[in-house]
Amino acid sequence: MTVLAEHLQDYLALRRSLGHKLAEAHRLLPRFVTYLQERDIEFVTIDAALAWSLELEVPAGSVVPAHRMMIVRGFARYLSGIDPRTQVPPAGTIRKPNRWRQPFIYSDADVLALIEAARRISQPLRAATYETLIGLLASTGMRVGEALRLDRGDLELIDGALRIRETKFGKSRLVPLDPTTIDALERYDRTRQRLLPEPSTDSLFVSLRGTRVIYETVWPTHRMLCEQSGIGAGAKIVPRIHDHRHSFAVKTLLDWYSQGVDVQARIGWLSTYLGHREPRYTYHYLSAAPDLLAHAARRLEQGQEMRS
């Protein structure tokens, strides 16, 4: 084990003892240390941190490079007290994009087309993985990271609800599932056990190597399936995998408005279901579709008329 690898173990142990959740650091920092070792770099430099953070081909506007730099920067700050040669990347070396991007709203036909395209993937396990993953994202509005962190044990459903662990804000929650979604997850689990009986991970969604499926593989595959299905062809907005979450929220709100439901009374439920910290973040989805804004405006006008 190299000196850097030893320091990494000490750093992770220290952070863990302080109560920090380190799922991303445990996954990314060993890759960064390996990156340095392969290039015979003995200490962290700004150039190396920048090159590693930017080495992946990601969609325009992705937060992945900034996120990788943030994790490396924390490790470098720790190392700077041990090895004076360490260069700590300045804050903001890679900035997170903060411009709001109009989401692509998938229709039910779009989702079915994506699932059908996934079924045509030549490798059976990979086909089943992406068919199930896309269906789960579209039917629940889960974050992609939440779905990829699911373990097989999470399929021990509690009254038809799936337990989501390690959420964006460190809280767990229960997500009620439609019976058809439950059937699809259990069918995938049986397929996985048949095709890959001894994986190296407890993850629900697994790669052909038996490891946990990672986002860096998922987004280009989803992009490929969109292109094969003609989804978004000619549109100004490029469909992303994250847009399944936006689409779920928009469809739910539209259904409520169409049914005459008191959206203001229900918004707290949807906020909890999606794992938002506050309902105001859920209201943000109103701007994602003109139909929603029109419904909201009409509801506001009706309320003003009743008060006048």
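Data block above holds the structure.
These notes cover the structure that comes with them. Once a new chain begins, its residue numbering starts again from 1 and follows that chain's sequence as written. Per-residue local features are limited, in this predicted model, to residues with pLDDT of at least 70; the limit for side-chain atom pairs, both in listing and counting, is 80 or more; totals at the level of whole chains, interfaces and linings are taken over all residues. Only heavy atoms go into the side-chain values, all of them from the structure, while hydrogens and water stay out.

Moving on, we come to helix α4 (residues 64-80). By definition, any uninterrupted DSSP run of H or I lasting at least four residues is a helix, any uninterrupted run of E lasting at least two residues is a strand, and each is numbered from the N terminus. Given the number of residues in a helix, its expected span is that number minus one, multiplied by 1.5 Å. Taking 1.5 Å of rise per residue, 17 residues should cover 24 Å, and α4 covers 24 Å from first to last C-alpha, within 8% of that figure. Residue burial is assigned from relative accessible area. The probe radius is 1.4 Å, only protein chains are included, and a residue is buried under 20% of its type maximum, exposed over 50%, and partly exposed in between. All buried positions along α4 are accounted for by Val64, Pro65, Ala66, Arg68, Met69, Ile71, Val72, Phe75, Ala76 and Leu79. Whether two residues touch is decided by their heavy atoms; if any such pair falls within 4.5 Å, the residues are in contact. Residues of α4 that are buried in the fold lie against α1 (3-17), α2 (23-38), α3 (46-53) and α9 (215-229).

Okay, the pattern of salt bridges next. Criterion for a salt bridge: a side-chain nitrogen of Lys or Arg within 4 Å of a carboxyl oxygen of Asp or Glu. If you walk through the whole model with that rule in mind, you get 13 salt bridges. The closest approach of N and O atoms between arginine 119 and glutamate 131, which form a salt bridge, is 3.0 Å. Taken together, the positions of arginine 119 in helix α5 (residues 108-119) and glutamate 131 in helix α6 (residues 124-140) put the pair twelve residues apart, joining distant regions of the chain. Look at arginine 119 and you get partly exposed, because its relative accessible area is 46%. Here aspartate 151 ties to arginine 212 by a salt bridge, and the two come within 2.7 Å at their closest N and O atoms. Here aspartate 151 is found in the loop between α7 (144-148) and β1 (161-164), whereas its partner arginine 212 is found in the loop between α8 (179-195) and α9, with 61 residues between them in sequence. One continuous salt-bridge network, built from bridges that share partners, spans Glu42, Asp83 and Arg85.

Grid points spaced at 1 Å and placed over the protein atoms alone form the basis of the search, with a cavity being a set where a 1.4 Å probe fits but cannot get out and a pocket an open set showing protein on both sides within 12 Å along at least five of seven lines. Lining residues have an atom within 4 Å of a point. Grid points are joined across faces, edges and corners, and a volume is the space filled by probe spheres set on the points. The volume enclosed by the second largest pocket comes to roughly 790 Å³. Only α5, α6, α8, α10 (243-258) and α11 (263-274) provide two or more residues apiece to the lining of the second largest pocket. Residues of the lining of the second largest pocket, tallied by class, amount to 16 nonpolar, nine polar and seven charged. Under the scheme applied, nonpolar residues are Ala, Val, Leu, Ile, Met, Phe, Trp, Tyr, Cys and Pro; charged residues are Asp, Glu, Lys and Arg; polar residues are all the others, including Gly.

For aspartate 110, the position within the fold is in helix α5. His residues and chain termini do not enter the charge count, which takes Lys and Arg as positive and Asp and Glu as negative. Despite its burial, aspartate 110 pairs with no opposite charge; the closest candidate is lysine 251, at 7.3 Å N-O. Each residue touching aspartate 110, except ones within four places of it in the same chain, is listed here: Phe104, Ile105 and Ile231.

For serine 247, the location among the structural elements is in helix α10. Linking serine 247 and proline 103, residues 144 residues apart in sequence, is a C-alpha distance of 8.1 Å. In this structure, serine 247 is in contact with Phe104, Ile105 and Tyr106, ignoring residues within four places of it in sequence. What qualifies as a polar contact is a pair of N or O atoms within 3.5 Å, subject to a donor-acceptor requirement within protein and to the restriction that residues adjacent in sequence count only when both atoms come from side chains. Among the polar contacts made by the side chain of serine 247, one reaches the main-chain amide nitrogen of tyrosine 106 at a distance of 2.8 Å.

Quick look at the packing of aromatic side chains now. Note on ring pairs: Phe, Tyr and Trp rings are taken, using the six-membered ring of Trp, and paired if centres are within 6.5 Å. Classes follow the plane angle, with under 30 degrees stacked, over 60 edge-to-face and the rest tilted. For the structure shown, the criterion picks out five aromatic pairs. Ring geometry for tyrosine 11 and tyrosine 78: centres 5.2 Å apart, planes at 50°, overall tilted. With tyrosine 11 in helix α1 and tyrosine 78 in helix α4, this residue pair connects regions lying 67 residues apart in the sequence. A residue is classified by how much of its surface remains accessible, and tyrosine 11, at 8% relative accessible area, is buried. Arranged with centres 5.1 Å apart and planes meeting at 70°, the rings of phenylalanine 104 and tyrosine 106 form a pair that is edge-to-face.

The criterion is simple. A nonpolar core is a set of buried Ala, Val, Leu, Ile, Met, Phe, Trp, Tyr and Cys residues joined through side-chain atoms within 4.5 Å. Within the largest apolar cluster, 53 residues are counted, with the highest numbers of intra-cluster contacts made by Met142 and Leu225. Within the residue set of this core, elements represented by two or more residues are α5, α6, α7, β1, α8, α9, α10 and α11. Among the elements that line this core, the one with the most residues is α6, at eight residues. In contact with methionine 142, not counting residues within four places along its chain, are Leu136, Leu137, Ala147, Leu150, Leu162, Ile164 and Arg245. Core analysis: the second largest hydrophobic core is formed by 25 residues, Leu8, Ala25, Ala66 and Phe75 among them.

Turning our eyes to something else, we now look at α10. Over its 16 residues, α10 extends 22 Å from the first C-alpha to the last, a length consistent with the 22 Å expected when each residue adds 1.5 Å. Taking burial as the measure, the 16 residues of α10 include 13 buried ones, the bulk of the element. Glycine 260 sits one or two residues past α10 and shows a positive phi near 75°.

The next thing to look at is the environment of leucine 28. Note on placement: leucine 28 falls in helix α2. Separated by 40 residues in the primary sequence, leucine 28 and arginine 68 place their C-alpha atoms 7.4 Å from one another. What leucine 28 contacts, discounting residues up to four positions off in sequence, is Trp52, His67, Arg68 and Ile71.

Here strand β2 (residues 173-176) shows a clear split, with Arg173 and Val175 buried on one side and none of Leu174 and Pro176 buried on the other. As judged from the four bridges shared by β1 and β2, these two strands associate in the antiparallel manner. Residue leucine 162 lies in a different strand from β2, and its bridge partner there is valine 175. Strand pairing is assigned whenever DSSP identifies at least 2 bridges connecting the two strands.

Glancing now at the packing of α5 against α9. Helix-helix packing: each pair is described by the crossing angle between the helix axes and the interaxial distance. For helices, the fitted line uses only the C-alpha atoms of the stretch in contact; every axis is such a line through C-alpha atoms, and the angle between N-to-C directions lies from 0 to 180 degrees. Where α5 contacts α9, the two axes come as close as 9 Å, and the packing angle between them is 105°. Between α5 and α9, the crossing angle belongs to the class labelled roughly perpendicular. Residues Ala113, Leu114, Ala117 and Ala118 of α5 form the contact with α9, whose own contacting residues are His222, Leu225, Cys226, Gln228 and Ser229. Grouping the constituent residues of the contact of α5 with α9 by class yields six nonpolar, three polar and no charged. Orientation is classified from the angle alone, with under 35 degrees giving roughly parallel, over 145 giving roughly antiparallel, 65 to 115 giving roughly perpendicular, and any other angle giving oblique.

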